[in-house]
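Here are the chains, one letter per residue:
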Amino acid sequence: MSRPYGYADNRTDIVEQEAAVIRRMAEHLTTGGHLRALATQLNDEHIPTASNSSWHPITIKRALTNPRIIGMADQDGELVPSATKPILDRDTYDKLVALFTDPARSKFTRTNGRVHLLSGGIARCGMCGSQLYANVSGDRPDQYRCSKRAQGGCGRIGIKAADLEAEVVERVLARLSDAVMRRELTKAMNELHAPNAAEKELGELESRLVALGEDYADGIIERATLKASTERIRQRIENVKLQAARREVLTDIPEPSAEQVVQWWEQASKRRQRDVVAALLDHVTVMPSQKRPLRGLNPDRLRWEWKSA
Ligand SMILES: [Zn+2]
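What counts and what doesn't
Residues numbered from 1 in each chain as written. Predicted model: local features only at pLDDT ≥ 70, side-chain atom pairs only at ≥ 80, totals over all residues. Heavy atoms only, no water. pLDDT = per-residue confidence, 0-100. Contact = heavy atoms within 4.5 Å. Axes fitted to C-alpha atoms, helices over the stretch in contact; angles between N-to-C directions. Helix = DSSP H or I, 4+ residues; strand = E, 2+ residues; numbered from the N terminus. Parallel < 35°, antiparallel > 145°, perpendicular 65-115°, else oblique. Left-handed = near helix turned anticlockwise from the far one by under 90°. Donors = N, O, S within 2.8 Å, 3.2 Å for Na, K, Ca; no water. Tetrahedral: all angles 85-135°; square planar, octahedral: opposite > 155°, others 65-115°. Buried < 20%, exposed > 50% of the residue type's maximum accessible area, 1.4 Å probe, protein only. Polar contact = N/O pair within 3.5 Å; in protein donor to acceptor, adjacent residues only side chain to side chain. Phe/Tyr/Trp six-rings, centres within 6.5 Å; stacked < 30°, edge-to-face > 60°. Lys NZ or Arg CZ within 6 Å of the ring centre and 35° of its normal. Core = buried A, V, L, I, M, F, W, Y, C linked by side-chain atoms within 4.5 Å. Expected span 1.5 Å × (residues − 1). Salt bridge = Lys/Arg side-chain N within 4 Å of Asp/Glu carboxyl O. Nonpolar A, V, L, I, M, F, W, Y, C, P; charged D, E, K, R; others polar.

A few points about the confidence of the model for the chain
The share of residues in the chain with pLDDT of 70 or more is 78%, and the mean pLDDT across the chain is 79. Segment residues 105-113 is flagged for pLDDT under 50; beyond a separation of four residues in sequence, or across chains, it makes 21 contacts in the model. Segment residues 246-252 is flagged for pLDDT under 50; beyond a separation of four residues in sequence, or across chains, it makes 16 contacts in the model. Across the predicted assembly, pTM comes out at 0.44 and ipTM at 0.98.

Shown next, in the form of structure tokens:
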């Protein structure tokens, strides 16, 4: 894994030039600046990430929500002092974490169309154990809900889809960055995608082209990105056809640097993302909410059951 941004290879000493970038990013975001605009600015100025690639919203998020930058470490969800020298003060860090957990800002974990990340039994009801179904009702946000009694559920659990998906994505990406986990995952993916993999992937690539067009129409990506990505996808389609002829199944997940993994995730189709989640996460059980949190989701409601590595 690459070193954390802002720190030398010993992961403790500060790289002053990068610390300045972290302070600048924090300043930009806590004063109302936009995440995507910030990524574009940094890339335009040829300021690289720790692994020498370009910035994406999610890599900025990772850099700024790492407790290391306030000289702390995450120990089972609790922040404890560490040997690391701090770059930001606690106040600024707390503001950033609050900003990043505001679902309105998590553009990069948004649901796309009608494909749901946690369908097929990955999300379960904490009251009766049934699977939660993705559910869209009028202008209300998408929810994962336990079905009504008549359909076999108890109907008592519901959770905002964006909140639950953001929690899952966060944890899945952390696991994807781990080398041992990655090897296991590659194995699982190969099993998952045999033998109709090529055919399936072709379908995905086609729909990714459509999704790119929609993202461009929505103003989420720029023309240059659209062109580059379209070209990449067309090349990929050619590749997949070649591989299909050889009856070979390859996964296109990159080598395990956190940076590359999040970039891959951002570009993967929803279906592919869902396969990855299913390969790692057996299920997550959603418990009833005891009290309403100020914003977002109370993580205590979630019980995780990961597939073993
Ligand atoms: Zn239920």
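What follows continues from the structure just given.
Quick word on the packing of helix α1 (residues 16-30) against helix α4 (residues 90-101)
The contact between α1 and α4 brings their axes to 10 Å, and the two run at 60°. Regarding the angle of α1 to α4, the classification is oblique. Two packed elements cross with a definite hand, and for α1 against α4 that hand is left-handed. Across the interface between the two elements, A26, L29 and T30 of α1 pack against T92, K95, L96, L99 and F100 of α4.

Quick notes on the coordination of the zinc ion
Those donors, C125 (SG), C128 (SG), C146 (SG) and C154 (SG), are the protein atoms that reach the zinc ion, and they lie 2.3 to 2.4 Å from it. One way to put it: the four donor atoms around the zinc ion meet at angles of 101 to 115°, and that makes the site tetrahedral. By relative accessible area, C128 is classed as partly exposed at 37%. With a relative accessible area of 14%, C154 lands in the buried category.

Describing the side chain of S229
Here S229 shows up in helix α8 (residues 223-245). Engagement of the side chain of S229 in a polar contact is seen with the backbone oxygen of T225, the distance being 2.7 Å.

As for the environment of R3
Looking at the secondary structure, you find R3 in the segment before α1. Leave out the neighbours within four places in its chain, and R3 touches A8, D9, R11, V15, E18 and A50. Within the local environment of R3, its side chain forms a polar contact with the backbone oxygen of Y7, the two atoms lying 2.7 Å apart. Among the polar contacts listed, one links the side chain of R3 to the side chain of E18, at a separation of 2.7 Å.

Points about the packing of aromatic side chains
One pass over the full model with this rule turns up two aromatic pairs. Taken together, a centroid distance of 4.8 Å and an interplanar angle of 85° make the contact between Y5 and W55 edge-to-face. With Y5 in the segment before α1 and W55 in the loop between α2 (35-44) and α3 (57-65), this pair connects stretches of sequence that are 50 residues apart. Plain terms: the ring middles of W304 and W306 are 5.6 Å apart, the flat faces sit at 10° to each other, and that makes the pair stacked. The partly exposed category is assigned to W304, whose relative accessible area is 21%. For W306, a relative accessible area of 18% gives the class buried. In this structure, R175 packs its charged tip against the face of W306, placed 3.9 Å from the ring centre.

A word on the nonpolar core
L118, V172, W265 and V277 are the most contacted members of the largest nonpolar core, which has 33 residues in total. In terms of residue count, the dominant contributor to this core is helix α5 (residues 161-176) (seven residues). The contact partners of V277, leaving out residues within four places of it in the chain, are L117, L118, I122, V168, V172 and W265.

A closer look at α5
Taking 1.5 Å per residue as the helical rise, α5 with its 16 residues ought to reach 22 Å, and the 22 Å between its terminal C-alpha atoms agrees with that figure. Within α5 the residues assigned to the buried category are A161, D163, L164, E165, E167, V168, V169, V172, L173 and L176.

Thoughts on the pattern of salt bridges
Proximity of charged atoms lets side chains of opposite charge pair with each other. Evaluated as defined, the whole model comprises eight salt bridges. With its nearest N and O atoms 2.9 Å apart, the salt bridge here joins D13 to K85. Placement of D13 in the segment before α1 and of K85 in the loop between β2 (78-81) and α4 is noted, with a sequence separation of 72 residues between them. A salt bridge links R124 to D282, with the shortest nitrogen-to-oxygen separation between them at 4.0 Å. Of this pair, R124 sits in strand β3 (residues 123-125) while D282 sits in strand β7 (residues 281-286); the two residues are 158 residues apart in sequence, bridging distant segments of the chain.

Observations concerning the packing of α5 against helix α10 (residues 270-280)
The relative placement of two packed helices comes down to the angle between their axes together with the axis-to-axis distance. Where α5 contacts α10, the axes come no closer than 10 Å and their chain directions differ by 70°. Classified by the angle their axes make, α5 and α10 are roughly perpendicular. Taking contact as the criterion, the partners of E165, V168, V172, R175 and L176 in α5 are, on α10, K270, V276, V277 and L280. Across the contact of α5 with α10, the residue classes tally to six nonpolar, no polar and three charged.

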